Amino acid sequence: MRLSNASLARLPGHIRRPGYDRARVTSGIVHLGIGAFHRAHQAVVIDDLLASGATDWGIIGASLRSSDTYDALAPQDCLYAVAVRSGAGTEHRIIGSVLQTEVAKRNPAQLIARMADPATRIVSLTITEKGYCHTPQTGDLNADHPDIVHDLANPDAPRSAPGFLVAALARRRAADIAPFTVLSCDNLSANGHTVKRILTQFAHLRSPELGKWIADHVACPSTMVDRIVPETTDADRAAVSSELGMTDAWPVISEPFTQWIVEDNFPAGRPDFARAGVQLVTDVTPFEHMKLRLLNASHSALAYLGYLAGHETIAAAMTDDRFAAFAHGVMQESAVTLSMPEGTDLAGYSASLLERFANPALRHRTWQIAMDGSQKLPQRLLGTMQDRLRQGLPIDTHALAVAGWMRYVTASDENGQPIDVRDPLAAELATIARNAGPVADRLAPALLDVRSIFGEFGTEPGLRDAVTRALAQLYELGARRAVKAWLPA
Ligand code: CS2
């Protein structure tokens, strides 16, 4: 039996399911990038709101390229389970807020039409850092990106998220329909401002008037999103299906914690987010920095160094006291660079992160988090390093994390085994590593010269010195011992 509207009633009694009539729900949101994170985060919030009586904020979820999600969800009426795992056990819940899924690549015109429909008041995004087709260091559109080049030549059959957003906004403008709000839910700094800049720059290349219209009229509130959602494995599929007593082809696995902080700027209207626990604020910046510089920074540090030390998951790395202390060291280095609203307890926040990382029931692979480092380093690690150097403070812990990334992108581990490096710059980074050889004095400066990641900051002597020393230690001692040696006194 397959999970579907028809089979919902046959689920075991203890499994929570949509407490509303899905047939009466209409869509108000188009979401681009309907991966596991969205399905365990925003879609759960919307499911709560639908259960509390809203009827016009259902989600149409699109994948830009892959048809995997569509293939898994379409036969089950887009229903799926979220399995929330902790040391205390697993809780399953069926989510009904996704009404339909689409594959943009198969039918771009249909997706643009949905986004241009006046019923669509929000287009939200989880397209990962690289989906923005920008230069991570500057936040500007990368006009040489092959998808951007393609989309400028084919504005009605785009491939990229900026291409779809601008195509749909242009359509609305031509039809005199007010724009939708663009809601970025990715881990970029100032994600709203960044996406607005990218859209404006892209639109400007299509026509200066369209660029100006987007600059003047489209709201892009920034958000801070947080929930740890590892990739679903076949073992997860089997375990969840067995619990449901029916097949769910693509459940999502998550930790109990969830947080969403959103700037309240939705001229086209929004659901009553606060009712479902979303925090609405006027400026999300401090929270976003806190999350990127404490959670994501230490996550990436654990991912690179943990992988090199042979830890398959974050939880496994956290069972090693040295790694747990190192992650805490990264947080302590970052914390002093943050300026938070009165009363924010950064020590408490850090302690809760360490507990979340140690969740023994989540198998979050270091390899998964290590992906796309070239897109993640600036907002996770480099901002803190820049701020600390400006204040004359040491950057040793962060330097070892960056050195871990450098060692990782050489694509060969400490036993000489190949690493499957996934990164838009993987080929460029591998060439640099090959030319430099495993010599810290050559490799570190060569990688720091990659402008799209490090920008001008890469030339800063304090950075070059600390990272080169850290990389030398990493080569000499290996990740496990380097992490210990490098802990702040
Ligand atoms: C992780 C994030 O994969 C990664 O890079 O650091 O996905 C992290 O799990 C989330 O941001 C947590 O909210």
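For the structure, see preceding data.
Residues numbered from 1 in each chain as written. Predicted model: local features only at pLDDT ≥ 70, side-chain atom pairs only at ≥ 80, totals over all residues. Heavy atoms only, no water.

Let's shift gears to the site of the ligand. Within the structure, the ligand sits among Asn 187, Val 225, Asp 226, Arg 227, Ile 228, Lys 291, Asn 296, His 299, His 364, Ile 369, Lys 376 and Arg 380. Interatomic distance of 2.9 Å between a side-chain N/O atom of Arg 380 and an oxygen atom of the ligand. In isolation the ligand exposes 340 Å². Once the protein is present, 88% of that is buried. Those elements that provide at least two residues to the shell around the ligand are strand E8 (223–226), helix H10 (285–308) and helix H15 (373–390). In terms of residue count, the dominant contributor to the shell around the ligand is H10 (3 residues). (Near = heavy atom within 4 Å. Polar contact = N/O pair within 3.5 Å; in protein donor to acceptor, adjacent residues only side chain to side chain. Areas by Shrake-Rupley, 256 points an atom, 1.4 Å probe, with all protein chains shown as cover. Helix = DSSP H or I, 4+ residues; strand = E, 2+ residues; numbered from the N terminus.)

Attention shifts here to the packing of H10 against helix H12 (residues 321–335). Describing two packed helices takes the angle between their axes plus the distance from one axis to the other. Running from N to C, H10 and H12 cross one another at 145 degrees; their axes reach a closest spacing of 9 Å. Of the two elements, H10 crosses H12, and the hand of that crossing is right-handed. Contacts between H10 and H12 involve Arg 293, Leu 294, Ala 297, Ser 298, Ala 301, Leu 302, Leu 305 and Gly 306 on the former and, on the latter, Phe 323, Phe 326, Ala 327, Val 330, Met 331, Ser 334 and Ala 335. Residue classes in the contact of H10 with H12 are distributed as 11 nonpolar, 3 polar and 1 charged. (Axes fitted to C-alpha atoms, helices over the stretch in contact; angles between N-to-C directions. Left-handed = near helix turned anticlockwise from the far one by under 90°. Contact = heavy atoms within 4.5 Å. Nonpolar A, V, L, I, M, F, W, Y, C, P; charged D, E, K, R; others polar.)

Let us look at the pattern of salt bridges. Scanning the model with the defined rule gives 27 salt bridges in all. Between Glu 129 and Arg 380 there is a salt bridge; the shortest N-O distance is 3.6 Å. Of this pair, Glu 129 sits in the loop between strand E6 (122–125) and helix H5 (146–153) while Arg 380 sits in helix H15; the two residues are 251 residues apart in sequence, bridging distant segments of the chain. A single burial state applies to Glu 129 and to Arg 380, both of which are buried. With a closest N to O distance of 3.2 Å, Arg 451 and Glu 456 form a salt bridge. Exposure remark for Arg 451: the relative accessible area of 47% places this residue in the partly exposed category. Judged by its relative accessible area of 56%, Glu 456 is exposed. In the salt-bridge network here, residues are joined through shared partners; they are Arg 16, Asp 47, Asp 48 and Arg 93. (Salt bridge = Lys/Arg side-chain N within 4 Å of Asp/Glu carboxyl O. Buried < 20%, exposed > 50% of the residue type's maximum accessible area, 1.4 Å probe, protein only.)

This paragraph deals with the sheet that holds E6. Strand order in the open sheet formed by 5 strands is E5-E2-E1-E6-E7, and the pairing between neighbours is parallel. Of all strands in the sheet, those with a lone pairing partner are strand E5 (98–103) and strand E7 (181–184), marking the two edges. Between one strand and the next, the sheet's axes are offset by a mean angle of 20 degrees, whatever the strand orientation. Of the strand pairs in this sheet, strand E1 (residues 27–32) and strand E2 (residues 58–63) are connected by 5 bridges, and their pairing is parallel. By the bridge assignment for E2, Val 30 is matched with Ile 60. Its contacts with the sheet place helix H6 (residues 161–174) against E1, E6 and E7, and it is angled at close to 150 degrees to E1. (Pairing = 2+ DSSP bridges.)

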